[in-house]
Amino acid sequence: MRRTSVSLAAGALVAALAWASSPSLPAVALDPSAGVADLTQDINQILADSRLTIARAGVVVKSAQTGEELYATDAGKLLIPASNTKLFTSSAAVETLGLDYRFPTTVLRHGRKAGSVLAGDLVLRGTGDPTMLAADYEALAKEVAAAGVRRVTGKLVADDTWFDGQRLGNDWAWDDETAYYAAPISALTASPDTDYDAGSVIVSVAAEGGKAKVTTTPPTDYLKIVNRATVGSENDLLIERQHSTRTVVITGTVATSAREWVAVDDPTAYASSLFRDALARHGVKVLGPTVTGAAEPGAKELARHESMTLGELLVPFMKLSNNIHAEILTKAMGRKATGQGTWSAGLKVSTDFARANGVQVVNMRDGSGLSRRDGFSPGSIVQLLSALRAKPWFQTWYDSLPIAGNTERFVGGTLSSRMQGTAAANNVHAKTGSLTGVTALSGYVTSADGEPLVFSIMLNQYLASPSPKDIEDKIAVRLAQFSRATATTGTVQLRAQNAPPGGGDLECSWLKPVQC
C-alpha cells in the first residue's frame, strides 16, 4: 500500500484539469485542507497505473516557499536516479569551480628554439575541455606556426596528466563501451560538433553513384573504416566500432544517408592526431613520434585556447543531458579540491556538497548517472533542489534545466517534446533521467496560484512498454494546475499530451540523430 503524507494547510480543492479527457466540472470552494487532499488523490490515481504494479515509485512534492510537504510516497527509499545524478554533479561543480571556470588547452615547447627549428619536444597539454573542436586544434597549430616554429626535432607529447588514466566508470555497462554517450574520459579530447559530445566522431554514410560513401566529422584517419554497406531501397545500417579497437564496421543498406556518433577508443590519441594533422597543414613538421607524458618543468607556452565558461557550458550539459560533461566536471572538481583528477576525489566533492546542503541519502558512483549503482531518494533530491534556491548562482543553474514543451532545442532540451499544450509547458524546469527500467523527473514548477513547488518523481524496475514517462508528465502537469483555493468535483482522468520520442529507454538527446 502506498504511504502518503498530506499537509493540512490553507487552500481548497483544485479546479477542473485542463488536460482532462472528460468535460471539466465547475469549481467549488471547500475546507482549508481540501486543495492538498485533492492533489494527493489525483497523484495516487496517476501512480495506480498498471505499469507500476511491480515497480518502485518514489514521489515527493514540497512548497519551495514554506518547505511544507504536499505529497510524499517512499520519500526515503534509495532508488536509481539515472541522469538525475547530474543535478548533484552540476550544482557541486558550480559551487566548487565557479561559473567563470574555463578549461585551458595549451601548447608548450621544451628545448632550444633556433630560428624556425625547435630542438626538443612540442607538448599538447589538456585539462579536460569537452568543447574542443577540430577547428580549435587547427587554431592552436596556426599559433605555433605564427610563433616561428617550422620544424620540431623531438616528439609530440600529449599531456593528459591533469586527470588520471581511468577512462571508463567502474560500473558502466560493457555493451556501452563504443557508445558516444559513454565515451572514455580524458584531459585531452575532442568533440565533433557543438553539442560537444567529447570523445566521439560522427560517421556518415551516403548513397552516391550507386555506392555507399563514408565520411567522418571531423575528417580524420584516426578511425579505421571497414565499409561493407551497399546501396538499397531503405536505410538499414549498423555503424559500430569494434570493442577496444579503432575499427568501425559498417554493414547493411543505405538508400539516402545515415549517420552515427561513435566513441573513440582513446580520446588522448585521437585529439593528438587531430593536432598533428593540423600542424602539418600549417607547415610545422614534427620529426619524432606522438607519445603520452607530462610536460617537463620549465616548458614554455607557445599557444593557448580557453573554453567557454562553466556558466555557458551548463546549457549543452544540462539541456542535452551530456554524460561526458558530467564526468569531466567530476574529475575537474577532484583536481581543484585535492590536486587529483580522479573519480573518487571528484565524487567526494559532490557528496560532501550534497550533505552540506542537508541531503541524507546519497550514493554516487559516477557524475552522470550511467552507473546503476548510483542511488538517491526522492526526498534527498527535493532537499537539494530546495537548498539550491538560496545560492547566489541559482538563476544561471536553474536556467540550464530543460523546460517542458519548449521546442527550442537549447531551451527545452530533453523536455522539448513533452507536456506541450499543458499548464506545465514553459513552466516546468526539470532534469530528466533514463536507463532501461528507470525513469526520473525532478525540478521546479509554479502552481496555478503562483506558488513555487519542488518535486522529484523516480520510477524504477518497471517492465512494461511503453515507458512510463507519461506518468511523470501527468504529475508535473497536475502540479502546474494545483491551487489551494479551488477544487474539482467528480473524477478527473489525467493524461499527458505528448509521448517522448525514441520509446523512452534513453534520454532523447542520446538517440542521435533524433532531435529532442
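That block above? That's the structure.
From a predicted model like this one, the values you see are computed outputs, not experimental measurements.

### Describing the environment of glycine 334
Alright, step 1. Inspection of the secondary structure puts glycine 334 in helix H6 (residues 323-338).
Alright, step 2. Residue classification places glycine 334 among the buried positions, given a relative accessible area of 0%.
Alright, step 3. Non-local contacts of glycine 334, meaning those with residues more than four positions away in its chain, are made with Gly339, Gln340, Ala345 and Gly346.

### Considering the pattern of salt bridges
Alright, step 1. Using the criterion set out here, one finds 25 salt bridges in the structure.
Alright, step 2. With a closest N to O distance of 2.5 Å, lysine 331 and aspartate 164 form a salt bridge. With lysine 331 in helix H6 and aspartate 164 in the loop between strand S6 (156-159) and strand S7 (200-208), this residue pair connects regions lying 167 residues apart in the sequence.
Alright, step 3. One connected set of salt bridges, linked through shared partners, spans Asp49, Arg51, Asp470 and Lys474.

### Overview of the packing of helix H2 (residues 85-97) against helix H5 (residues 310-319)
Alright, step 1. Relative to each other, H2 and H5 sit at 175°, their axes nearing to 11 Å. By the criterion of interaxial angle, the relationship of H2 to H5 is roughly antiparallel. In contact with Lys86, Leu87, Ser90, Ala93, Val94 and Leu97 of H2, H5 contributes Leu310, Leu314, Phe317 and Met318.
Alright, step 2. Here the contact of H2 with H5 is built from residues that sort into eight nonpolar, one polar and one charged.

### Overview of the nonpolar core
Alright, step 1. With 60 residues, the main nonpolar core has Leu87, Phe88, Leu97, Leu310, Leu388, Trp397 and Tyr444 as its most contacted residues.
Alright, step 2. Those residues in contact with leucine 97 that sit more than four places away from it in its chain are Leu310, Leu329, Ala332, Met333 and Lys336.
Alright, step 3. Ala158, Leu188, Val203 and Ala271 belong to the second largest nonpolar core, which has 39 residues in total.

### As for the packing of aromatic side chains
Alright, step 1. All told, the structure shown has nine aromatic pairs when counted by the stated rule.
Alright, step 2. When the centroid spacing of 5.8 Å and the interplanar angle of 80° are considered together, the rings of tryptophan 172 and tryptophan 343 count as edge-to-face. Here tryptophan 172 is found in the loop between S6 and S7, whereas its partner tryptophan 343 is found in helix H7 (residues 343-356), with 171 residues between them in sequence.
Alright, step 3. Under the relative-accessibility criterion, tryptophan 172 is labelled buried at 12%.
Alright, step 4. Of the residues examined, tryptophan 343 reaches a relative accessible area of 6% and is grouped as buried.
Alright, step 5. An angle of 50° between the planes, with centres 5.6 Å apart, marks the rings of tyrosine 222 and tyrosine 270 as tilted. Here tyrosine 270 lies in helix H4 (residues 267-281) and tyrosine 222 lies in the loop between strand S8 (211-217) and strand S9 (224-227), a separation of 48 residues in the sequence.
Alright, step 6. Judged by its relative accessible area of 0%, tyrosine 270 falls in the buried class.
Alright, step 7. Three or more aromatic residues joined by ring pairs form one cluster here, namely Phe394, Trp397, Tyr398 and Tyr444.
Alright, step 8. Between lysine 331 and the ring centre of tryptophan 343, over which it is positioned, the NZ or CZ distance is 4.2 Å.

### Overview of the environment of lysine 348
Alright, step 1. Along the chain, lysine 348 falls in helix H7.
Alright, step 2. Note on lysine 348: relative accessible area 52%, which makes it exposed.

### Quick word on the sheet that holds strand S20 (residues 438-446)
Alright, step 1. Read across the open sheet, the five strands follow the order S2-S1-S21-S20-S19; overall the sheet is antiparallel. Bordering the open sheet on either side are strand S2 (69-73) and strand S19 (429-435), each of which pairs with just one other strand. Mean inter-strand twist for the sheet, computed between neighbouring axes without regard to direction, equals 5°.
Alright, step 2. Where S19 and S20 come together, seven bridges link them in antiparallel fashion. Looking across to S20, one finds that alanine 430 is bridged to glycine 443.
Alright, step 3. Set on the sheet, helix H8 (residues 378-388) makes contact with strand S1 (56-63), S20 and strand S21 (452-460); between it and S21 the angle comes to about 150°.

### Focus: unusual backbone geometry
Most of the time, phi is negative for any residue but glycine, and the peptide bond is trans.
Alright, step 1. A cis amide bond links threonine 217 to the next residue, proline 218, at an omega of -5°.
Alright, step 2. Despite not being glycine, serine 244 shows a phi value in the positive range, around 60°.
Alright, step 3. With respect to the helices and strands, serine 244 occurs in the loop between strand S11 (236-241) and strand S12 (247-254).
Alright, step 4. Looking at serine 244, the relative accessible area reads 65%, which means it is exposed.
Alright, step 5. Phi angles above zero are rare outside glycine, and methionine 419 is one such case at about 65°.
Alright, step 6. With respect to the helices and strands, methionine 419 occurs in the loop between helix H10 (409-412) and S19.

### A short note on the environment of serine 272
Alright, step 1. Position of serine 272 among the secondary structure elements: in helix H4.
Alright, step 2. C-alpha of serine 272 to C-alpha of tyrosine 137: the two residues are 135 residues apart in sequence and 8.8 Å apart in space.
Alright, step 3. If sequence neighbours within four positions are ignored, serine 272 has contacts with Leu124, Leu156, Ala158 and Thr290.

### Things to note about the sheet that holds strand S13 (residues 257-263)
Alright, step 1. Strand order across the open sheet formed by three strands is S8-S7-S13, with antiparallel pairing between neighbours. Of all the strands in the sheet, just S8 and S13 have a single pairing partner and so form its edges. Taken over all neighbouring pairs, the strand axes of this sheet differ in orientation by 20° on average, direction set aside.

### Things to note about the side chain of serine 63
Alright, step 1. Structurally, serine 63 is set in strand S1.
Alright, step 2. Owing to a relative accessible area of 1%, serine 63 belongs among the buried residues under this scheme.
Alright, step 3. A polar contact is formed between the side chain of serine 63 and the backbone nitrogen of glutamine 65, at a distance of 3.3 Å.
Alright, step 4. Side-chain polar atoms of serine 63 contact the side chain of threonine 66, separated by 3.3 Å.
Alright, step 5. Those residues in contact with serine 63, other than ones at most four positions away along the chain, are Glu68, Leu70, Glu451, Pro452, Leu453 and Arg484.

Reading the values: the criteria
Residues numbered from 1 in each chain as written. Predicted model: local features only at pLDDT ≥ 70, side-chain atom pairs only at ≥ 80, totals over all residues. Heavy atoms only, no water. Helix = DSSP H or I, 4+ residues; strand = E, 2+ residues; numbered from the N terminus. Buried < 20%, exposed > 50% of the residue type's maximum accessible area, 1.4 Å probe, protein only. Contact = heavy atoms within 4.5 Å. Salt bridge = Lys/Arg side-chain N within 4 Å of Asp/Glu carboxyl O. Axes fitted to C-alpha atoms, helices over the stretch in contact; angles between N-to-C directions. Parallel < 35°, antiparallel > 145°, perpendicular 65-115°, else oblique. Nonpolar A, V, L, I, M, F, W, Y, C, P; charged D, E, K, R; others polar. Core = buried A, V, L, I, M, F, W, Y, C linked by side-chain atoms within 4.5 Å. Phe/Tyr/Trp six-rings, centres within 6.5 Å; stacked < 30°, edge-to-face > 60°. Lys NZ or Arg CZ within 6 Å of the ring centre and 35° of its normal. Pairing = 2+ DSSP bridges. Polar contact = N/O pair within 3.5 Å; in protein donor to acceptor, adjacent residues only side chain to side chain.

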